[in-house]
Amino acid sequence: MTIKKNIPAVPVEQRASECLAQPASADPSKAALKTTRRDFLKASGMLSMSSLMGTAALMTQSDEAKAAIEWAEHFQKNYRLMTDAEKAEARARLERRYSQEYGKQVTVDTTGPQPGVLMGYALNIRKCIGCRRCVHACVAENNQSRGTKPGEKIEWIQVLRMERGKFEQGKMDHGYPEGLGIQVGGNAYTPAGQVLEGQYHYNPEAVPEQDATYMPIACMQCEKPPCVKVCPVRTTYREADGPVVIDYNWCIGCRMCMGACPYWARRINLASPVLPKEEMNPVTHYLGNRPRMRGVVEKCHWCLQRTRHDRYPACVEVCPVGARKFGNLLDPESEVSKILERKNVFRLKAELNTFPKFFYFYD
Amino acid sequence: MQQLTRFAADYVGYVLKGGTKFYAWMGALGVLIIGMLYVFYLQNTEGLIVTGMTSQIHDGLYFANLVFLVGVAAGAVTIVFPAYAYHHEGMHKVAVLGEMLAISAVIMVTMFVFAHMGRPDRLWHMLPIIGIYNFPHSMLGWDVLVLTGYLILNAICGFYYLWCKYTGQPINRKWFMPLVWIAIVWALSIHTVTAFLISTMPARPMWFHSMMPIRFIATAFAAGPCLIILAFLIIRNNTKFWVDDSAIKLLTTIVTWCLGIALFLTLSEVVVELYARTEHANGLYYLMFGLHGLTNLVPWFWGAVILMISSFVLFLIPSIRNNFKLLPIPCVMAFAGIWIEKGMGLIVPGFIPTPIGEVTEYYPTFVEWLLTLGIWAFGFFILTILLKGAIGILQGEIKYGAAK
C-alpha cells in the first residue's frame, strides 16, 4: 500500500452516502463469499458450537434472531484463532445484527494486514491550531458513544491546550526561601514549554488562542505496547501492519490495559454505547470501528476500515492545516518516511521504551 | 466413601444449628447478600455506569478491596508459620482456623474480581485450552494462578486436618507437611504478585516502585492478624473453644512489628517523593494535600495515618495489649487504617492525575458501597460457617460414629 492522494474532506451527509456505496471488502474473493453465504454456512455448520448456533440464528427470520445471534457471539473464539470460515461466519452474524439494529446495510470488513505495509503517523505540532475537528471526525467515523452523561461520551483523540507561560521581572528577586539565597525561583512554576500539564476542556471563542499551543494525543500504536503485555486474555494485540487492535468480543473488561497505557489512550464502555441510527457509520472493520458493546475497552486503531483500503484515517483527512500525516514506514517515498528522514521528530514519553509509531515533529 | 458422606452430613447438620444470636447474625448478613445480588444484577444489565468509575479512574472500591483482602488471605500465614515452624503450642491448636480465614478471604477476592470486571460473563476466556491464558506475560494471569493455588492449598490442608480429627486417623505427615510448607511460601507469593500487578506499570508513577511488595506484605501481616485476633476473642467469648493467651499475644507482637515497618515504609515514600517533588509525585501529593483544589481523599489519608500511628502506640503499651478487653480497640483501628491506606488511598491516587495530566475525582456510588458491603457480608457468612464447623470438630462435637 502506498498512500498517494489526500482525499479532500467532504460534508458528513455526502460522506455517508459514499460510504454506503463502498464495497465491504476490497478482496474480491471475500465479496464473492457474500452471495453464497447461506449455502456456505450450511456446509460449515458443524464446525463448532458457535457455528451451529450462528447458523441457526441466520436461518431464523423471527424476532428472536437478534437474541440468538448475541447468544452465538458469546461462544465465538478469539478472532485470531478463527479459521477463515469461522471469520466469515462471525462477520455475517455481525452484519446481520448491525443491519437490523441500525436499520441500514452495515458491512463488517475483515481485510487483514497488507504485505509490505507498516503504518506510521506524524503530527506537526507547530501547525496544530487546536480546532478539534479531528476529534469530531474520529467520533463520527468510528462510532464512538455519543451520550451526554460523563461516562457515556467517548473520544479517542485528546487535544491538550498548553499555556505559553510568562516570565516576569517582578518575580526575579522573589522565591523560596526569601533572603538567604533563593532555591526555588519566583518564575519556577511558569508552564512555558511544559508537556503534559495540559487541559483538554478548553472552550475559547476562536482558535488558535494567542497564549496557547496545542498537543493532540491518541493511541501511539506502540511497537512495544505495554497494554498488550498485561492483557490476561490476549484480546488486544499488535497487527502485522502496525496498529494495536482489540477483539471486542473477547475483551473481559478487566481494564488492566487502561492502567498500563502511558498515553491514556484507552476508554471503557461503561454502558451500552449511545449511537443514534442516523449517525452510525455503516462501513466498519471487525477490529476497528464496528459498534462496541457494554463493558469492553476501545481505542484508536488508525481507521483500519479506511487505511487497509488505501484511504487516510478520518483525522488526517479532516485536518484543515495539514498537521497530520499518515503513511507506510516501509515505503521510502511515503510522506511519513520523508518526515522521519528530514524533520526533527520526537516520540512522546520515549523514556518508557514503548516505541510509538506516532511521531511529533516541527517544521 | 460412607465416611465421607457422614462427614458432610454431620458438618452441615452442626453448622446449621445455633442459637438466636447465630441466626440473627446470619440473617443480617443474608439481607446484605441479597442486596449485593441485586446491585450486581443491576451492574451487569446497565453496565459499570452505575458505579462511580470512569475511563479516567477505572479501578475503584472493588479493586481496592480486592487488594486489601488478598493481604488478609496472606495474613493467615502468621498463624500457620509459628505453628509449624516454631511448634508454637497455642498456635498449633488454632492453625486450622487461620486456614479457614484464608479460604474465606480468597473467596471474597474472587467475588471482587467479578464485581470489578466489565464482562464477568466472559471470564471463561481466561481458562486455558477453551480460552486464551496470557501466561507468563500477564501479571493478572499470575495473580489468578497464585490465588487459585492458594485457595486449593488451604482447602486441602484445612479440611484434611479436620477430616483426620473427625475420623480419628493420624495425619499422614509425608504429604501433609510438604503441603503446609508450600502453602506458607505461597501465601507470600499471592501478595507479592498482587503488588506486582500495579507496581509494574510505569504509566502510573504513584505505583511504580519496588517497595510495593514489601509494603504490601508488611501491611497484610498487620491487618490480617488484627482480624484474626478479633475473631479469636469472639470465639473465646461465645463458644466452648478456648484460644490460648499465648496465641493471641504472639499475634499482637506480629501486628506491632509489621505495623511499625509499614509506617516506616510509608514515611520513606513520603520523604523520597516530596523531597524532589517531581511530576511523578502528583498522585501522592493529591492524596496528602489535594491537587488543583480537589481534596476528596485528604481526610481519608490523614485519618488512616492517625489510626495507624495511634494504634501502633497503643499496641506498644503493655497494659493495653495484654488486656483482652481493650485489645480490640487498637486492632479495629489498625485494620481500618490499613484498609484505607492500602485500598482507596493507594488505588485511587494512581489515576489522579491521569498520564496526560487530567485531574478528576472519584465518588463511589451507592451501588458500589452496597456491592462491597454485600461481598464482605458473604465473606463473613462463609467464615462463620467454616469457623463453626472447624471448632465443632476440634472440640470433638462432630466425630465419626458419635452421631449414632
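Coordinates for the structure precede this section.
Residues numbered from 1 in each chain as written. Chains lettered and ligands numbered in written order. Predicted model: local features only at pLDDT ≥ 70, side-chain atom pairs only at ≥ 80, totals over all residues. Heavy atoms only, no water.

## Notes on the overall build of chain A
Counting its regular elements, chain A contains 12 helices and 14 strands. Out of the 363 residues in chain A, the part that is buried amounts to 54%. The long-range share in chain A, meaning contacts at least 24 apart out of those at least 6 apart in sequence, stands at 70%. Counting every atom, chain A has about 16300 Å² of accessible surface; 55% of that belongs to carbon and sulfur. (Helix = DSSP H or I, 4+ residues; strand = E, 2+ residues; numbered from the N terminus. Buried < 20%, exposed > 50% of the residue type's maximum accessible area, 1.4 Å probe, protein only. Contact = heavy atoms within 4.5 Å. Areas by Shrake-Rupley, 256 points an atom, 1.4 Å probe, with all protein chains shown as cover.)

## Overview of the overall build of chain B
Secondary structure summary: chain B contains 15 helices and 0 strands in total. For 404 residues, the compact-globule formula gives about 22 Å, and the C-alpha radius of gyration of chain B, at 22 Å, lands near that figure. Taken along its principal axes, the extent of the C-alpha atoms in chain B is 70 × 55 × 45 Å. By the burial criterion, 59% of the 404 residues in chain B qualify as buried. At a minimum sequence separation of 6, the contacts of chain B that also span at least 24 residues come to 75%. Looking at charge distribution, chain B has the averaged site of its 21 positive side-chain charges lying 16 Å from that of its 17 negative ones. (Rg over C-alpha atoms; globule rule 2.2 N^0.38 Å. Lys, Arg positive; Asp, Glu negative; His and termini not counted. Charge placed at Lys NZ, Arg CZ, Asp CG, Glu CD.)

## So, the packing of helix H4 (residues 77-85) of chain B against helix H7 (residues 173-199) of chain B
Residue and element names in this part refer to chain B. Two numbers describe how H4 lies on H7: the axes approach to 10 Å, and their chain directions differ by 140°. One way to sum up the angle between H4 and H7 is to call them oblique. Seen along the crossing, H4 lies across H7 with a hand that is left-handed. Mapping the contact onto sequence places Val77, Val80, Phe81, Tyr84 and Ala85 in H4 and Phe176, Met177, Val180, Trp181, Ile184 and Ala187 in H7. Looking at the contact of H4 with H7 residue by residue, the classes come out as 11 nonpolar, no polar and no charged. (Axes fitted to C-alpha atoms, helices over the stretch in contact; angles between N-to-C directions. Parallel < 35°, antiparallel > 145°, perpendicular 65-115°, else oblique. Left-handed = near helix turned anticlockwise from the far one by under 90°. Nonpolar A, V, L, I, M, F, W, Y, C, P; charged D, E, K, R; others polar.)

## With respect to the nonpolar core
Grouped together as the largest cluster of nonpolar side chains are 168 residues, with contacts concentrated most on Phe68, Tyr84, Leu97, Trp207 and Phe232 of chain B. If we skip the residues at most four places from it in the chain, Tyr84 of chain B touches His92, Ala95, Tyr161, Phe176, Met177, Val180 and Trp181 of chain B. Counting 58 residues, the second-largest nonpolar core is a separate cluster that includes Tyr121, Met162, Cys222 and Phe326 of chain A. (Core = buried A, V, L, I, M, F, W, Y, C linked by side-chain atoms within 4.5 Å.)

## Description of the interface of chain B and chain A
If you look at the interface, chain B gives 43 residues, while chain A gives 52 residues. Here chain B and chain A share an interface that buries about 4100 Å² over both sides, 57% of which is from carbon and sulfur atoms. If you look at where chain B meets chain A, you find 0 salt bridges. Linking chain B to chain A there are 23 residue pairs in polar contact (both at pLDDT 80 or more). (Buried area = accessible area lost by both parts, 1.4 Å probe. Salt bridge = Lys/Arg side-chain N within 4 Å of Asp/Glu carboxyl O. Polar contact = N/O pair within 3.5 Å; in protein donor to acceptor, adjacent residues only side chain to side chain.)

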